[in-house]
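Each chain is listed here by its residues.
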Amino acid sequence: MTRTSAPDARLPLRLLATSDVHVHLLNYDYYADRPADDMGLSLTATLIAEARQESRNSLLFDNGDFLQGNPLGDYIVHSGAMRAGHVHPAIRAMNRLGYDAATLGNHEFNYGLDQLLDSLQGAEFPIVSANVLRRLGATPAQDETLLPPHVLLERELRDDAGQIHRLKIAVIGFAPPQILQWDRMLLQGRIETRGILETAEALVPQLRAAGADLVVALSHSGIGAMDRDSWAENATTALATVPGIDAIIAGHSHRVFPAPTFEEIEGVDPMAGTIFGKPVVMPGFNGSHLGVIDLDLRQDAQGRWQVAAAKAAARAVQGAGIQPSAAVERAVCLEHDATVAFARRTVGETMIPLHSYFALVNPAAALRVVAEAQVRHVRKQLQGRPEAALPLLSAASPFKAGGRGGPRNFVDIPAGPMALRHVADLYIFPNTIAALRLTGAELADWLENSMGIYRQIQPGLADQPLIDPEFPSYNHDRILGLTFDIDLASPARYDRFGVLRDPAAQRVHNLRHNGQPLDPAAEFILATNSYRAAGCGGYTAARPERIVDVGRAPIRDILLGFVRDTAPVALWQGGSFGFLPMPGTSVQFETGRDALPYLDEIAHFTPEPLCPTDDGFLSFRLHL
Ligand code: MN
Ligand code: MG
């Protein structure tokens with residue numbers, strides 16, 4: 001119940017939020033095996049404590065993708081601790097920080113449904129998800145959800161005059177409906193999903209009818225152009241149009257909002273931090289930022305609370321001059337120490353450095369080793385079967401190639417002994433192996449889709465940016481076993497979402513297999529991963545009927561066995577692709593801070609250093 005008070009009572013309410021923490025509970029980079037100053041919930045926790053002190057009323061939310069994403073998350077699953085009834089360290093840290101509610105992201109499903117439900121045990125805060133379903137009903141109201149769709153938090157809040165009011169704050173959560181595709185092998189037949197917008201349009205009025213004074217949406221979805229499609233991946237913009245929602249926590253795309261660098265989108269005000277007038281915040285990833293939305297609540301003549309003004313901000317941990325939270329460190333120190341020891345175990349050796357600094361412009365040993373490991377595994381699986389007669393190819397993507405992940409987001413493994421953390425670095429996702437039966441024509445088109453990562457380059461111009469930063473590098477496939485040339489002067493056939501834009505466009509030329517032109521009608525087996533085999537990245541040839549059963553071993557385990565048995569040496573001789581020469585033309589290419597020792601690998605581009613970028617990338621002029 002709301003008690004009416006002085007008609008001009010002002011009630012400040014601060015909403016704090018994390019999103020996409022990805023098990024970065026401590027400010028530690030397990031791949032590089034060193035502390036970090038730009039991420040970790042232990043640092044965000046210090047910002048949380050500061051932000052709570054500044055406001056008389058605050059609530060704390062997490063927006064999903066908290067269980068997967070680094071060796072700590074893998075170690076927890078590997079150790080079987082959840083089966084033994086332990087509380088997941090991410091949950092333990094969130095309990096300690098006093099989260100008020102959370103929702104699920106897509107990566108929560110990467111280890112399977114049973115592991116997920118075990119991992120949520122022991123949460124002392126509600127975890128809500130309105131569109132992840134055990135059973136899809138005729139209408140959203142008839143859906144059977146996996147978790148509670150929403151929660152009504154009752155909180156005593158103090159107004160500016162010190163008077164206490166009891167408010168009901170509804171919290172509703174949304175995950176990308178695409179989890180069904182992204183983790184098809186794990187989820188098929190076990191759960192269903194519904195579009196974010198249609199779910200919100202049906203349920204938010206019910207929350208209002210149930211007496212909610214405020215509705216907060218936890219939207220594990222990005223901010224993009226207005227898209228009312230139920231499969232929109234960036235649904236937050238459309239969600240902001242749903243009447244009755246007062247504030248939105250966004251995420252999933254690992255961006256920061258509000259931020260002056262955010263692109264112009266209709267309805268989106270990246271300086272004010274609003275979308276169609278509603279306050280929205282997106283707090284980066286890995287605990288890099290704390291989202292802060294300040295609501296100024298006033299009561300109307302009927303005693304109903306209204307948002308009179310709102311302000312959103314994202315506060316970065318880097319450069320804030322803060323110490324990590326001892327409470328978070330204490331909550332997770334056992335698993336942290338075990339993960340560090342686990343990740344340091346020597347598992348093999350490499351005779352050559354494996355790095356991804358130039359993986360977008362040059363064949364890279366770091367990709368070759370993944371592709372070769374997949375080949376070895378699939379060949380064994382196909383033994384004695386008719387598919388064994390078909391030529392075997394293998395696709396791999398540069399997962400860590402800078403971009404949004406920043407200038408440290410590269411693989412960098414020196415020659416010598418290899419630790420488990422190095423293998424985890426080479427393959428950061430918990431994908432499983434998969435194989436597809438494809439024609440030569442489909443493979444040629446596959447590569448055209450992949451080439452969308454390059455911008456179209458005008459012959460004769462200098463310093464043109466080469467890479468489209470919006471194209472996720474994990475959707476850029478290289479195919480081991482094929483050689484080809486790339487014509488950067490041609491437009492891309494597909495856009496960054498894998499949507500066909502220009503059917504006549506052709507960037508891939510001189511496509512060869514075993515030195516012979518690729519026969520469009522010939523059949524091949526392509527070793528790949530579960531994500532790609534589900535068609536993700538717009539690879540439409542990856543249809544269910546093309547899948548060849550090769551088991552479901554995690555690719556990281558396959559890679560581990562390969563490294564243990566073979567000690568990678570002198571890989572990818574002769575190269576598998578190059579750019580067609582464009583005399584008098586140069587491009588600008590950004591790479592990691594520690595790329596210099598390897599610069600001779602791209603000597604054929606006669607690289608010239610340019611000024612490093614504001615965000616710390618090294619920048620080079622490459623001559624095509
Ligand atoms: Mn995420
Ligand atoms: Mg996500």
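Here, every reference points to the structure presented above.
Residues numbered from 1 in each chain as written. Chains lettered and ligands numbered in written order. Predicted model: local features only at pLDDT ≥ 70, side-chain atom pairs only at ≥ 80, totals over all residues. Heavy atoms only, no water.

(A) Structural context of the overall build of the chain. A count of helices and strands for the chain gives 14 helices and 36 strands. Since a compact globule built from 624 residues should have a radius of gyration of about 25 Å, the 25 Å found for the chain is in line with a globular shape. Along the first, second and third principal axes, the C-alpha set of the chain runs to 85 × 55 × 50 Å. Per-residue burial over the chain gives 59% buried out of 624 residues. Restricting to contacts in the chain with at least 6 residues of sequence separation, those with at least 24 account for 77%. Accessible area for the chain stands at about 24500 Å²; split by element, carbon and sulfur atoms hold 50% of it. Where the 54 positive side-chain charges of the chain centre and where its 70 negative ones centre are 4 Å apart. (Helix = DSSP H or I, 4+ residues; strand = E, 2+ residues; numbered from the N terminus. Rg over C-alpha atoms; globule rule 2.2 N^0.38 Å. Buried < 20%, exposed > 50% of the residue type's maximum accessible area, 1.4 Å probe, protein only. Contact = heavy atoms within 4.5 Å. Areas by Shrake-Rupley, 256 points an atom, 1.4 Å probe, with all protein chains shown as cover. Lys, Arg positive; Asp, Glu negative; His and termini not counted. Charge placed at Lys NZ, Arg CZ, Asp CG, Glu CD.)

(B) Spatial organisation of the sheet that holds strand β18 (residues 289–299). Strand order in the open sheet formed by six strands is β6-β5-β4-β1-β18-β19, with mixed pairing between adjacent strands. The open sheet has two free edges, formed respectively by β6 (127–128) and β19 (305–316), since each of these has just one partner strand. Here strand β1 (residues 10–18) runs beside β18; their pairing, made up of eight bridges, is antiparallel. Paired with R10 across the strands is R298, a residue of β18. (Pairing = 2+ DSSP bridges.)

(C) Structural context of the pairing of β18. Most of β18 sits out of view: nine of its 11 residues are buried. Note that β18 and β19 share 11 bridges and pair antiparallel. Counterpart to D296 in the pairing with β19 is A309.

(D) Layout of the sheet that holds strand β30 (residues 516–517). Spatial strand order, β30-β29-β28-β33: four strands in an open sheet with mixed pairing. Looking at which strands have only one partner, the edges of the open sheet turn out to be β30 and β33 (577–579). Here helix α12 (residues 440–450) sits on the sheet in contact with β28 (482–486) and β29 (508–513), set at roughly 135° to β29. (Axes fitted to C-alpha atoms, helices over the stretch in contact; angles between N-to-C directions.)

(E) Seen up close, the coordination of the magnesium ion (ligand 2). Around the magnesium ion (ligand 2), the donor atoms from the protein are D65 (OD), N106 (OD1), H220 (NE2) and H252 (ND1), and they sit 2.1 to 2.3 Å away. Look at where the donors of the magnesium ion (ligand 2) fall in the sequence and you get D-x40-N-x113-H-x31-H. For the pair the magnesium ion (ligand 2) and the manganese ion (ligand 1), the metal-to-metal distance amounts to 3.2 Å, and D65 bridges them. Here D65 is found in the loop between β4 (58–62) and α2 (71–79), whereas its partner H220 is found in the loop between β12 (214–219) and α8 (236–239), with 155 residues between them in sequence. In this structure H220 comes out as buried when scored by relative accessible area, which is 0%. (Donors = N, O, S within 2.8 Å, 3.2 Å for Na, K, Ca; no water.)

(F) Seen up close, the coordination of the manganese ion (ligand 1). Donor atoms from the polypeptide that coordinate the manganese ion (ligand 1) comprise D20 (OD), H22 (NE2), D65 (OD) and H254 (NE2), at 2.1 to 2.3 Å from the metal. One chain supplies every donor for the manganese ion (ligand 1), spaced along it as D-x1-H-x42-D-x188-H. Relative accessible area serves as the criterion here: at 0%, D20 is assigned to the buried category. According to the relative accessible area criterion, H254 is partly exposed, its value standing at 23%.

(G) Local environment of the environment of A389. With respect to the secondary-structure elements, A389 resides in the loop between α10 (365–382) and β22 (392–396). Owing to a relative accessible area of 71%, A389 belongs among the exposed residues under this scheme. Linking A389 and I486, residues 97 residues apart in sequence, is a C-alpha distance of 30 Å.

(H) Looking closely at helix α3 (residues 89–97). Counting buried positions over the nine residues of α3 gives seven, a clear majority of the element. Among the residues making up α3, those that are buried are P89, A90, I91, A93, M94, N95 and L97.

(I) Here's a closer look at the pattern of salt bridges. For the structure on display, the rule yields 37 salt bridges. In this structure, D296 and R10 form a salt bridge, with 3.4 Å as the shortest nitrogen-oxygen distance. Residue D296 is found in strand β18, and its partner R10 is found in strand β1; the two are separated by 286 residues along the sequence. Judged by its relative accessible area of 14%, D296 is buried. Between E144 and R135 there is a salt bridge, with the nearest N and O atoms lying 3.3 Å from each other. On the basis of relative accessible area, R135 is assigned to the partly exposed category, the value being 43%. (Salt bridge = Lys/Arg side-chain N within 4 Å of Asp/Glu carboxyl O.)

(J) Local environment of the environment of A138. Mapped onto the secondary structure, A138 falls in the loop between β7 (132–135) and β8 (144–145). A C-alpha to C-alpha distance of 39 Å links A138 and L526, two positions 388 residues apart in sequence.

(K) Up close: helix α1 (residues 41–53). In a regular helix each residue adds 1.5 Å, so 13 residues correspond to 18 Å; α1 covers 18 Å between its end C-alpha atoms and thus fits that length. Here α1 has its buried residues at L41, S42, L43, T44, A45, T46, L47, I48 and A51. (Expected span 1.5 Å × (residues − 1).)

(L) A look at the packing of α3 against helix α9 (residues 326–344). Direction vectors running N to C along α3 and α9 enclose 165°, while the axes themselves pass 9 Å from each other. In terms of orientation, α3 and α9 fall into the roughly antiparallel class. In this structure, α3 crosses over α9, and the sense of that crossing is right-handed. Side by side, α3 and α9 meet where P89, R92, A93, R96 and L97 of the first sit next to A327, V328, A331, V332 and E335 of the second. In the contact of α3 with α9, the residues fall into seven nonpolar, no polar and three charged. (Parallel < 35°, antiparallel > 145°, perpendicular 65-115°, else oblique. Left-handed = near helix turned anticlockwise from the far one by under 90°. Nonpolar A, V, L, I, M, F, W, Y, C, P; charged D, E, K, R; others polar.)

(M) Examining the nonpolar core more closely. Ranked by size, the top nonpolar core spans 97 residues in total, and within it F109, L120, L354, V378 and L426 carry the most contacts. The dominant element in this core, judged by the number of residues it contributes, is α10, at 10 residues. Here this core spans two domains, and each of domain 1 (11–339) and domain 2 (346–623) adds at least three residues to it. Ranked by size, the runner-up nonpolar core spans 49 residues in total, among them F471, L518, V587 and L618. (Core = buried A, V, L, I, M, F, W, Y, C linked by side-chain atoms within 4.5 Å. Domains from an automatic or database assignment.)

(N) Spatial organisation of unusual backbone geometry. In this structure, P258 follows F257 across a cis peptide bond, with omega equal to 0°. The topology assignment puts P258 in the loop between β14 (256–257) and β15 (268–269). The phi torsion at V23 lies on the positive side, around 60°, for a residue other than glycine. Examined against the element boundaries, V23 turns out to sit in the loop between β1 and β2 (28–29). Among the residues examined, V23 registers a relative accessible area of 0% and is labelled buried. At H252, a residue that is not glycine, the phi angle is positive and equals roughly 75°. Along the chain, the position of H252 falls in the loop between β13 (247–249) and β14.

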